[in-house]
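Close look at the chain arrangement
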Amino acid sequence: MLFNSVEFVIFFILFFVVYWKLKSNLTLQNVFLLVGSYIFYGWWDVKFLLLILISSVTDFTIGYYIDKVSKKTHKKLLLAGSLLVNLGLLFFFKYYNFFIDSLVDAFATFNINLNVSTLQIILPVGISFYTFQTLSYSIDIYRGIIKPTKNILSFLNFVSFFPQLVAGPIERAKTFLPQFHKPRVFKYEQAVDGMRLLLYGAFKKIVIADYLAQRVDIIYATYPEQPGFTLYYASILFTVQLYADFSGYSDMAIGMARLLGFNLMTNFKTPFFTTNIPDSWNRWHISCTTWFRDYIFIPLARLNKQSLLWRIVATVILFSIIGIWHGANFTFLAFGVAHGLCFIPRLTRKKIPPLNRFLLYINNNRVTYFITMFLSFCFLSFITIFFRSVSITDAFIYMNNVFTNEVFWGDLTFFKETIALIVAFFAFEYFMQDKSHQFEISSFHPALRKLLYILVIFSILLFGNFGKTPFYYFQF
Amino acid sequence: MNKFTKRTLIYIAIVLLYLTWGEVSLYKMRENIPLKKVVEQQFESENECYYSRRIFEEYVSSYKFEMLKKKKPDIQIIGQSIVLQFRDFLFKPYDKSFYNAGLMIRNMRDLELYFDLIEAGEIHKPKLIVLGIEHLIFKHNNKLNRRKPFNYEIEDEALKPKAHLRGIQQFLLKTGNVRYKGDIIGFGKQGVQGAGFRKDGSIHNKTEVMAFINDSVHLESDYAEALKKRYHPFNNPLTIDQTKVEQFYKILDKINDLNIELLVYVAPTSEEFYNIGFKDEEFYNYWNDFIKIQEYLIENNYNIIPFSKPSQLGLNDYYMVDAVHPGSVVTAIQFSEYMANNKHKFKSLQNLDLNQLNERIKKNTFPLTFLQDTLIQEIKDFRKKAK
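Cut-offs used in this document
Throughout this document, residue positions are counted from 1 along each chain, in the order its sequence is written. Chains carry letters from A onward and ligands carry numbers from 1 onward, assigned in written order. In keeping with the predicted nature of the model, local features appear solely for residues at pLDDT of at least 70, side-chain atom pairs appear and are counted solely at 80 or more, and the whole-chain, interface and lining totals rest on all residues. Computation of side-chain values: all heavy atoms of the structure, hydrogens and water removed. Think of a nonpolar core as a cluster: buried Ala, Val, Leu, Ile, Met, Phe, Trp, Tyr and Cys residues, connected wherever their side-chain atoms sit within 4.5 Å. Working definition: with a 1.4 Å probe on protein chains only, accessible area under 20% of the residue-type maximum means buried, over 50% means exposed, and in between means partly exposed. Secondary structure elements follow DSSP: runs of H or I no shorter than four residues count as helices, runs of E no shorter than two count as strands, and numbering proceeds from the N terminus. The criterion used for residue contact is that any of the two residues' heavy atoms lie within 4.5 Å. Note on method: axes are straight lines fitted to C-alpha atoms, helices fitted across the in-contact stretch only, with angles between N-to-C directions ranging 0 to 180 degrees. Small angles under 35 degrees read as roughly parallel and large ones over 145 as roughly antiparallel, with 65 to 115 read as roughly perpendicular and the rest as oblique. A clockwise turn of the near helix away from the far one marks a right-handed crossing, whereas an anticlockwise turn of less than a right angle marks a left-handed crossing. Think of it as three bins: nonpolar holds Ala, Val, Leu, Ile, Met, Phe, Trp, Tyr, Cys and Pro, charged holds Asp, Glu, Lys and Arg, and polar takes everything else, Gly as well. Think of pLDDT as the predictor's per-residue confidence, scored from 0 to 100. Under the pairing criterion, centres of Phe, Tyr and Trp rings, with the six-membered ring standing for Trp, must be within 6.5 Å; the plane angle then separates stacked pairs below 30 degrees from edge-to-face pairs above 60, leaving the rest tilted.

Turning our eyes to something else, we now look at the nonpolar core. Soluble globular proteins: nonpolar side chains tend toward being buried together. Phe162 and Leu260 of chain A are the most contacted members of the largest nonpolar core, which totals 156 residues. Ranked by residues supplied to this core, first place goes to helix 11 (residues 228-259) of chain A with 20 residues. Discounting chain neighbours no more than four positions away, the residues touching Leu260 of chain A are Phe12, Phe15, Phe16, Tyr19, Trp20, Leu33, Phe161, Phe162, Pro163 and Arg184 of chain A. Among the nonpolar cores identified, the runner-up in size contains 65 residues, and Tyr223, Phe234, Ile251 and Ile304 of chain B belong to it.

So, about the packing of helix 3 (residues 47-68) of chain A against helix 6 (residues 152-160) of chain A. Angle between the axes and distance between the axes are the two parameters that describe a pair of packed helices. Residues and elements named next belong to chain A. Taken N-terminus to C-terminus, the directions of helix 3 and helix 6 make an angle of 130°; their axes are 10 Å apart at the nearest point. With respect to their mutual orientation, helix 3 and helix 6 come out oblique. Classified by chirality, the crossing of helix 6 by helix 3 is right-handed. Here Ile52, Leu53, Ser56, Asp59 and Phe60 of helix 3 come into contact with helix 6, specifically with Ile152, Phe155, Leu156, Val159 and Ser160. When the residues that make up the contact of helix 3 with helix 6 are grouped by side-chain class, the tally is seven nonpolar, two polar and one charged.

A few words on the confidence of the model for chain B. Within chain B, residue pLDDT values average 90, and 93% of them lie at 70 or more. Quick note on the complex model: pTM equals 0.85, ipTM equals 0.84.

Taken as a whole and assessed by the stated rule, the structure comprises 105 aromatic pairs over all chains. Considering the side-chain rings of Phe16 of chain A and Phe186 of chain A, the 6.4 Å spacing of their centres and the 70° angle between planes classify their relative orientation as edge-to-face. In this pair, Phe16 of chain A is assigned in helix 1 (residues 6-21) and Phe186 of chain A in the loop between helix 9 (178-181) and helix 10 (188-221), connecting sequence segments 170 residues apart. Judged by its relative accessible area of 10%, Phe16 of chain A falls in the buried class. By relative accessible area, which is 15% here, Phe186 of chain A ends up buried. A ring pair is formed by Trp287 of chain B and Phe307 of chain B, whose centres lie 5.1 Å apart and whose planes are at 70°; its orientation type is edge-to-face. Taken as a pair, Trp287 of chain B in helix 10 (residues 281-299) and Phe307 of chain B in the loop between strand 9 (304-305) and helix 11 (328-342) lie far apart in primary sequence, 20 residues in all. The same class applies to Trp287 of chain B as to Phe307 of chain B, namely buried.

Here we come to unusual backbone geometry. Residue Pro93 of chain B is bonded to the preceding Lys92 of chain B through a cis peptide linkage, with omega at 0°. Mapped onto the elements of the fold, Pro93 of chain B is located in the loop between strand 2 (75-78) and strand 3 (98-100). The omega torsion of the bond from His232 of chain B to Pro233 of chain B falls at 5°, within 30 degrees of zero and hence cis. By the secondary structure assignment, Pro233 of chain B is in the loop between helix 7 (223-229) and helix 8 (242-257). Of note in this structure, Thr270 of chain A is not a glycine but carries a positive phi near 40°. Overall, Thr270 of chain A belongs to the buried group, its relative accessible area being 2%. With a phi angle near 50°, Lys72 of chain B is a residue other than glycine that sits in the positive phi range. Mapped onto the secondary structure, Lys72 of chain B falls in the loop between helix 3 (60-71) and strand 2.

Shown next, in the form of structure tokens:
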């Protein structure tokens, strides 16, 4: 079920009513929550439930034994088992065909014909998210950060909690698991805040992301014929579409969780209002970047703490992995590498004083701050061409066409149709950037709040796109 | 919890009010009646009944296929939109077992599928088929090749909640005033206004007819522009695909093997379009390659109403719905004139009553329409105003 589907709305309303009726019995409420989560996930395909159960039971069991055994080597072996199962599932369903195709192509360049064929594999929704969530549980137990839970019901809920199951935020056991052990209390302010997030998230997805998606799709499908400016502008539209889609989903997930008495981590924090790409990664898909930082980058960087070169290499490796996590295609790898390389100025600034002074200056000067913010966004949008393109060849041709197409300006219809929406959206987000979330309007006058609710609701009803458009990150 | 529930319910009530009003509006236009129900009710209706959606997807191919399966007619009209003016009364006294399935078949694959299904018994085997052919079905890179086949199981938008939300939006933001006439039975925004597909499957082009009644204007539509800019149906390459021609000839053999009588129909174009088109060298060559197919059919003694311009029939462009679609009167005239000399070739039409058809043609006042249509009132009003 997609969040922006009528069947989900009906499901959630009924679920919400029954859920709070069971608040006096924690176990029953948790059972109901688990059943609801499995119904939600099984709606895509009942077979997917088997995978999530395998992942859940594996890590619950391994987590228990990692804590129980005393020898370090045994702990390591158990952890390796968890990694094998979770990453094995992920690799098989997501990367097997890509790996086979790449292998066959690589051997073909040496005129060797490998007789290996790909398989008909359906990528289970959310596998990239819940496998990382369960992995973090095992790793944190191994590191001694948390103790394993003995409550399998709570653990199964931790893995399959439906608001965040299919596209995050990727939660950590330390902060999320305890919330299943204690009774949830309905708090009016928390519920209202949850509704605000739900509404704003739906607005971003249905009104902004899906509207931009239609235009972006047309341009990318016909890019050889499009003028240079239109191509570049489409990359900006796509960046905004991606942000509105993914942050919209995250807001809805966090909002729903709040309505059920849970607190999920913030996943987006106005990532475009920064002067450099490294900073924007601190604000974009925060749950994922911190996961990679804690479980990949820090162990990698520790292999050679003193070497700046190794730090740069580790950063590029990290972002290559982040790129390829998004999808089984070299375009995502290129996307990751490009972002990794953007960290070089930050990593080397202390070794190059003039660079350091320059970066400090542009950050502290108001005018250069805004100019740099704008340029940073423009550059980020350009790199995102990799993300959107179907193949690495298409991406390079597209990028080349931005600068070399005979016609640069051409027909500005796409620009005129969308610029007001983008400017208004960014202006609102900029104005609200210091709040806990961008629709945190509790401090507004009550009449203004109500007006905003009505405006957003009717914007969704009147201008929303109600076609067949799943959330973009569901494909990962 | 109570406070939260009460306040949320207020907003939910507002949304429900909007949705209820929207659904009632869609229902008034009969847009949200499921297609299967439309087919059932149109089939059972004793009075004329129109179908034409403008908010939800029309699914014309599926609609025609369902009606064909229900009616099991002995006379079937197939082809693209050029055949949609073949009316049941042209075939009196065989009109009760007639159906115009125009627009069910959109490409050569569909044409082949149609006869495969007849052979398999899934479509009632007719005694006579009138097959309309035009250049597009033989063209390279025909965009209609990508359409799903007519027997594809559709997901009717009238049964999809998201489509209703979209439909209500469209109604509010784009639809404009719809006049509901109590005496018209119809489904869909155009249907309730007396336009669209009739019970016999032919189409009532009310917009073009009204334009003619009110302003004496013949509308060419955008075909000349499409030809000039090489848009569909004249997109590049503007060439006939010989593999499709060969495929077509094989289908003709199959029709013969199935013992179905066949009348091929090549629709006229307007004089205006013809004159513009033939100044375009590429189109001229393309058209001549298409006409070779007609010549092959004539040489091989197929029954065929060949291409002609309105002037060659003693008529003018007012008889054309637009550049490439004939009106119901010109279609009737072509059919009548052809049958006057060739009726004897058709075992299934031995008792064809051409006298009644010629009488109707004589009584026609407006080139685009017969007086029996529901436009009688509009024409009477027009006459009153003119006096």
